[in-house]
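The primary structure of each chain is shown beneath.
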Amino acid sequence: MIVRLIDEKDVQKNSDVLKVLIENCINSTYELEDIHSFSENKIMDLKQHIGNHSAYPIAAFERNRMIGFLWGYETNGMSGRALHIAYISVLERFRGQGIAKSLIQYAEKVAENEDLAKVELIVGANNSAALSLYKSMNFLPERLILSKSLQE
Ligand SMILES: CC(C)(COP(=O)(O)OP(=O)(O)OC[C@H]1O[C@@H](n2cnc3c(N)ncnc32)[C@H](O)[C@@H]1OP(=O)(O)O)[C@@H](O)C(=O)NCCC(=O)NCCS
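About the thresholds
Residues numbered from 1 in each chain as written. Predicted model: local features only at pLDDT ≥ 70, side-chain atom pairs only at ≥ 80, totals over all residues. Helix = DSSP H or I, 4+ residues; strand = E, 2+ residues; numbered from the N terminus. Rg over C-alpha atoms; globule rule 2.2 N^0.38 Å. Expected span 1.5 Å × (residues − 1). Near = placed C-beta within 6 Å. Nonpolar A, V, L, I, M, F, W, Y, C, P; charged D, E, K, R; others polar. Pairing = 2+ DSSP bridges. Axes fitted to C-alpha atoms, helices over the stretch in contact; angles between N-to-C directions. Buried ≥ 20, exposed ≤ 12 C-beta atoms within 10 Å, placed from the backbone. Contact = placed C-beta atoms within 7 Å.

## Considering the overall build of the protein chain
Part 1 of the reasoning: Each helix and strand counted, the protein chain has 5 helices and 5 strands in total.
Part 2 of the reasoning: When the helices and strands of the protein chain are placed in sequence order, the string is β-α-α-α-β-β-β-α-β-α.
Part 3 of the reasoning: For 152 residues, the compact-globule formula gives about 15 Å, and the C-alpha radius of gyration of the protein chain, at 15 Å, lands near that figure.
Part 4 of the reasoning: For the protein chain, the spread of C-alpha atoms along the principal axes amounts to about 45 × 40 × 30 Å.

What follows is the structure in structure tokens.
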């Protein structure tokens, strides 16, 4: 398995699998009605961000096939500069083999090279696989988003 930064050509060549990976990520946290247009738009955004050098898209490949994906970008919010992980996803049949872990380790190296002091992300409170992954990699909660449904 190879983990590396990807470019626009990789996105073009692997756009079908990237759509699935992005959709898996969204489905783990949200219920979107038109998930397919959402993922298509995200692929276009990704190409733009790569062109502007405003994203760190990292992918795992097995025999030249993309099997996992992490989309990181730099943020500079109230708590300082960080690498924010917007998406991380591994194709279902390749899960449980340490691929997400390798993608995050690669993102941590990218962050260090860019002098970013931390890596951060948002996770759905019920996404137990992702929560275990982040806990196993020593991510700690900083803030919590609380909500209360007003519908019966
Ligand atoms: C979450 C996800 C990325 C994990 O990918 P993965 O490649 O299977 O994870 P890894 O094999 O690297 O797991 C590393 C650690 O995470 C934890 N973990 C991963 N999947 C787990 C699961 N289903 N149940 C419990 N713990 C899990 C374990 O601690 C594991 O360490 P171990 O193998 O030593 O026990 C994958 O399940 C996925 O793509 N889910 C759908 C998309 C998603 O939810 N993305 C995150 C929110 S955007």
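The discussion continues.
## Digging into helix H3 (residues 35–51)
Part 1 of the reasoning: Its 17 residues place the ends of H3 24 Å apart at the C-alpha level, agreeing with the 24 Å of an ideal helix rising 1.5 Å per residue.
Part 2 of the reasoning: His53 lies just past H3 and shows a positive phi near 60°.

## Quick look at the site of the ligand
Part 1 of the reasoning: In the neighbourhood of the ligand, 22 residues make up the surrounding shell, with Ser28, Arg95, Ala100, Ser132 and Leu133 lying closest.
Part 2 of the reasoning: Looking at the shell around the ligand, the elements with two or more residues in it are helix H2 (15–27), strand E4 (80–90), helix H4 (99–113) and helix H5 (128–136).
Part 3 of the reasoning: Per-element tally for the shell around the ligand: the top contributor is H5, with 6 residues.
Part 4 of the reasoning: Taken together, the residues of the shell around the ligand break down into 10 nonpolar, 10 polar and 2 charged.

## Some remarks on the sheet that holds strand E2 (residues 56–62)
Part 1 of the reasoning: Spatially, E1-E2-E3-E4-E5 is the arrangement adopted by the 5 strands of the open sheet, whose pairing is mixed. For this open sheet the edge positions go to strand E1 (2–5) and strand E5 (118–121), each flanked by a neighbour on one side alone. Taken pair by pair, the neighbouring strands of this sheet meet at an average axis angle of 30°, ignoring direction.
Part 2 of the reasoning: Pairing of E1 with E2 involves 4 bridges; the strand directions are antiparallel.

## Focus: the environment of Leu70
Part 1 of the reasoning: As for its position among the elements, Leu70 is in strand E3 (residues 65–77).
Part 2 of the reasoning: Leu70 sits in the buried class, given 28 other C-beta atoms within 10 Å.
Part 3 of the reasoning: In the structure, Leu70 is positioned 58 residues away from Gln12 in sequence and 16 Å away in space, judged by C-alpha atoms.
Part 4 of the reasoning: Excluding residues that lie within four positions of it along the chain, Leu70 makes contacts with Ile58, Ile85, Tyr87, Ile88, Leu103 and Ala107.

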